[in-house]
Amino acid sequence: GYQRPDVNSEIPGEPVLDFDAGPPPLSEEQRIQGYKWCQTCRIIRPPRTTHCSDCNCCIMRYDHHCPFVNNCVGQRNYHFFFR
């Protein structure tokens, strides 16, 4: 199976990743542009991105979670639903 690499190994010149630390600081420019921190995915979300609790992932240009196809409607598949 998959084993997560040792993220705390010291590689010269590389930052040490700490998954238990809080969100990384956002620059003022990122905040103005609408970037946010997703606590669940632990990523910096682009503007108009929402975390779907049904799919357990962040969806760009999230519209809704469709229970009929058990999938989110968003940027990558919006055109399939509204033609």
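Preceding this paragraph is the structure being described.
Residues numbered from 1 in each chain as written. Predicted model: local features only at pLDDT ≥ 70, side-chain atom pairs only at ≥ 80, totals over all residues. Heavy atoms only, no water.

Q: Is there a simple way to explain the pairing of strand S4 (residues 57–60) in this structure?
A: Within a regular strand, the side chains alternate between the two sheet faces. Bridging between strand S3 (residues 49–52) and S4 involves four bridges; their strand directions are antiparallel. In the sheet register, Cys 52 faces S4, and the bridge partner there is Cys 57. Between S3 and the antiparallel strand that follows it, S4, lie four residues; Asn 56 among them carries a positive phi value of about 60°. (Pairing = 2+ DSSP bridges. Helix = DSSP H or I, 4+ residues; strand = E, 2+ residues; numbered from the N terminus.)

Q: I keep staring at the environment of Val 73 and nothing clicks. Help me out?
A: Within the secondary structure, Val 73 is located in strand S6 (residues 71–73). Here Val 73 falls in the buried class, since its relative accessible area comes to 0%. Each C-alpha atom, one on Val 73 and one on Tyr 62, is 6.3 Å from the other, the two residues being 11 residues apart in sequence. What Val 73 contacts, discounting residues up to four positions off in sequence, is Arg 61, Tyr 62, Asp 63, His 64, Cys 66, Tyr 78, Phe 81 and Phe 82. (Buried < 20%, exposed > 50% of the residue type's maximum accessible area, 1.4 Å probe, protein only. Contact = heavy atoms within 4.5 Å.)

Q: Before we go on, may I ask you to explain the side chain of His 51 in this structure?
A: Relative to the assigned elements, His 51 resides in strand S3. At 3.4 Å, the side chain of His 51 forms a polar contact with the side chain of Asn 56. (Polar contact = N/O pair within 3.5 Å; in protein donor to acceptor, adjacent residues only side chain to side chain.)

Q: Where do I start with the environment of Gln 39 in this structure?
A: Along the polypeptide, Gln 39 turns up in the loop between strand S1 (36–38) and strand S2 (43–45). Between the alpha carbons of Gln 39 and His 51 there is a distance of 9.3 Å; along the sequence they are 12 residues apart.

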